[in-house]
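So the chains spell out like this:
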Amino acid sequence: LLARDFPAAAAHEDLARARIAPGSLVIVATPPRLHAPHSIHALRAGAAVLCEKPMAATVADAESMIEAARAT
């Protein structure tokens, strides 16, 4: 469905191989335990991040995500 509504979107199984352009939007729709590392990676690449609920698996992960967002 996403591909139909967003034909320019790309799905990636390996975030390390994803080319994230500054100013792009990254939708994090992975298992909750991966939300923090995936979101932080995208934020550091200069992307805006939309993370599905729950934001993070732990409070510490959520705080790390917030800090990364503030820093970038």
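Model, not experiment: these values are computed from the prediction.

This part covers the pattern of salt bridges. Scanning the entire structure with this criterion turns up two salt bridges. Linking Arg-4 and Asp-5 is a salt bridge whose minimum nitrogen-to-oxygen distance equals 3.3 Å. Arg-17 is the partner of Asp-14 in a salt bridge, and the nearest nitrogen-oxygen pair spans 3.5 Å. Relative accessible area serves as the criterion here: at 70%, Arg-17 is assigned to the exposed category.

Let us now look at a nonpolar patch on the surface. Taken together, the side chains of Leu-25, Ile-27 and Leu-50 present a nonpolar region at the surface, about 290 Å² in accessible area. Mapped onto the secondary structure, Ile-27 falls in strand β1 (residues 25-28).

For the peptide bond that leads from Lys-53 to Pro-54, omega is -10°, which places it in the cis range. When you line up the elements, Pro-54 lands in the loop between β2 (48-51) and α3 (59-71).

Confidence along the protein chain averages 91 in pLDDT terms, with 97% of residues attaining 70 or more. For the protein chain, the element scoring lowest by mean pLDDT is helix α1 (residues 2-5), at 79; α3 scores highest, at 97.

What follows concerns the packing of helix α2 (residues 35-44) against α3. Packing of α2 against α3 leaves a shortest axis separation of 9 Å and a crossing angle of 5°. Taken together, the axes of α2 and α3 lie roughly parallel to each other. Facing His-35, Ala-36, Ser-39, Ile-40 and Leu-43 of α2, the residues of α3 in contact are Asp-61, Ser-64, Met-65, Ala-68 and Ala-69. Split by residue class, the contact of α2 with α3 holds six nonpolar, three polar and one charged.

Conventions adopted
Each chain carries its own residue numbering, running from 1 in the written order of its sequence. With pLDDT at 70 or above as the cut-off, local features in this predicted model cover only qualifying residues; side-chain atom pairs require 80 or more to be listed or tallied, and sums for whole chains, interfaces and linings still use all residues. The side-chain numbers reported here are obtained from all heavy atoms of the structure, hydrogens and water having been left aside. In what follows, salt bridge is the name for a side-chain nitrogen of Lys or Arg lying within 4 Å of a carboxyl oxygen of Asp or Glu. A simple rule labels every residue: compare its accessible area, found with a 1.4 Å probe on the protein chains alone, to the largest value its type can have, and call it buried under 20%, exposed over 50%, or partly exposed in between. Each patch is built from residues lacking any salt bridge and having more than 30% relative accessible area; the joining distance is 9 Å for like charges and 5 Å for nonpolar side chains (Val, Leu, Ile, Met, Phe, Trp, Tyr). Surface exposure here means Shrake-Rupley accessible area, sampled with a 1.4 Å probe, where a residue is shielded only by the protein chains that are shown. A helix here means a DSSP run of H or I that spans at least four residues, while a strand means a run of E at least two residues long, and both kinds are numbered starting from the N terminus. What pLDDT reports is the predictor's confidence in each residue, on a scale of 0 through 100. Where helices are involved, their axes are fitted lines through C-alpha atoms of the stretch in contact, as for all axes, and angles between N-to-C directions lie from 0 to 180°. The labels follow the angle: roughly parallel below 35 degrees, roughly antiparallel above 145, roughly perpendicular from 65 to 115, and oblique for the rest. Between two residues, a contact is recorded if the distance between any of their heavy atoms is within 4.5 Å. Residues are sorted three ways: Asp, Glu, Lys and Arg are charged, Ala, Val, Leu, Ile, Met, Phe, Trp, Tyr, Cys and Pro are nonpolar, and all the rest, Gly among them, are polar.

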